[in-house]
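Overview (structure and organization)
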Amino acid sequence: MPVRNSREAYGLVSKLLHWLIAVPVLALIPVGWYLGGLSEESVLYWRLLELHETLGISVFTLTLARIAWRGISPNPGFSSTLLPWERRAASLIHGTLVAALACIPVLGFLFVASDGEPVELYGMVAIPPIGQWSKGVREILFDLHGYAAYACAILVAIHVLAALKHHFVDRRSSLRRIAF
């Protein structure tokens, strides 16, 4: 399997980045929702919060790598069997999804790092806090993080459903192009 993308297929790096981002995103969404219902007094809350933060920073880092890699190795073109509106929709959803995957972790990090406490990653690395911001600003950051995550979850669902439709209903090779 070639490392770089070709005009017809994704290369190894693009496939790895896609799945290394997809798996934690699929974990982050339910963990984030579940956290919202837990008490901060719960030990589980703090363990899941650390997992959520670590996965979020990982997704952010991998998304930046994906953006850089796309500059080095552009994605293959769309299948010639896609209708024009499907191409526009796919471009819009992919672009918005990548933007969300870059912005949501930043909003979450700003929220967490603005309470005056360091952000723990992988239980080994502590990122220093960025200060003690007002409660109002922190609430806005938290709300933006949550609303953007809901939007991202909807985009992920559309992306997955479209891939499954193209594969099983339309019998196109789009899903096989990103699979190993």
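Residues numbered from 1 in each chain as written. Predicted model: local features only at pLDDT ≥ 70, side-chain atom pairs only at ≥ 80, totals over all residues. Heavy atoms only, no water.

Contact pair helix α1 (residues 12-36) / helix α2 (residues 43-72): the axes reach a minimum separation of 9 Å and the direction vectors enclose 150°. By the angle between their directions, the pair α1 and α2 is classed as roughly antiparallel. In the crossing of α1 with α2, the sense of the turn from one axis to the other is left-handed. Looking at the contact of α1 with α2 residue by residue, the classes come out as 20 nonpolar, five polar and one charged. (Axes fitted to C-alpha atoms, helices over the stretch in contact; angles between N-to-C directions. Helix = DSSP H or I, 4+ residues; strand = E, 2+ residues; numbered from the N terminus. Parallel < 35°, antiparallel > 145°, perpendicular 65-115°, else oblique. Left-handed = near helix turned anticlockwise from the far one by under 90°. Nonpolar A, V, L, I, M, F, W, Y, C, P; charged D, E, K, R; others polar.)

On to the packing of aromatic side chains, then. Within the structure shown, the criterion is met by three aromatic pairs. Geometrically, the ring pair formed by Phe-111 and Phe-142 is tilted, given 5.1 Å between the ring centres and 50° between the ring planes. Pair noted here: Phe-111 is in helix α3 (residues 84-113) and Phe-142 is in helix α4 (residues 135-169), with a separation of 31 residues, a long-range link. Arg-138 extends its terminal NZ or CZ atom over the ring of Phe-111, reaching a point 4.3 Å from the ring centre. (Phe/Tyr/Trp six-rings, centres within 6.5 Å; stacked < 30°, edge-to-face > 60°. Lys NZ or Arg CZ within 6 Å of the ring centre and 35° of its normal.)

Across soluble globular proteins, nonpolar side chains show a tendency to be buried alongside one another. Among the nonpolar cores identified, the biggest contains 15 residues, and Ile-21, Val-25, Val-59, Leu-97, Leu-101, Cys-152 and Val-156 are the most heavily contacted of them. Those elements giving two or more residues to this core turn out to be α1, α2, α3 and α4. At five residues, the largest contribution of residues to this core is made by α3. Ignoring sequence-local partners within four residues, the contact set of Leu-97 consists of Cys-152, Leu-155, Val-156 and His-159. (Core = buried A, V, L, I, M, F, W, Y, C linked by side-chain atoms within 4.5 Å. Buried < 20%, exposed > 50% of the residue type's maximum accessible area, 1.4 Å probe, protein only. Contact = heavy atoms within 4.5 Å.)

Turning to the pattern of salt bridges, a few remarks are in order. Under the criterion given, the structure shown has five salt bridges. Across the pair Lys-165 and Asp-170 runs a salt bridge whose closest N-O atoms are separated by 2.6 Å. For Asp-170, a relative accessible area of 26% translates into the label partly exposed. Asp-170 is the salt-bridge partner of Arg-172, the closest N and O atoms lying 3.4 Å from each other. Residues joined in a network through salt bridges with shared partners are Glu-86, Lys-165, Asp-170 and Arg-172. (Salt bridge = Lys/Arg side-chain N within 4 Å of Asp/Glu carboxyl O.)

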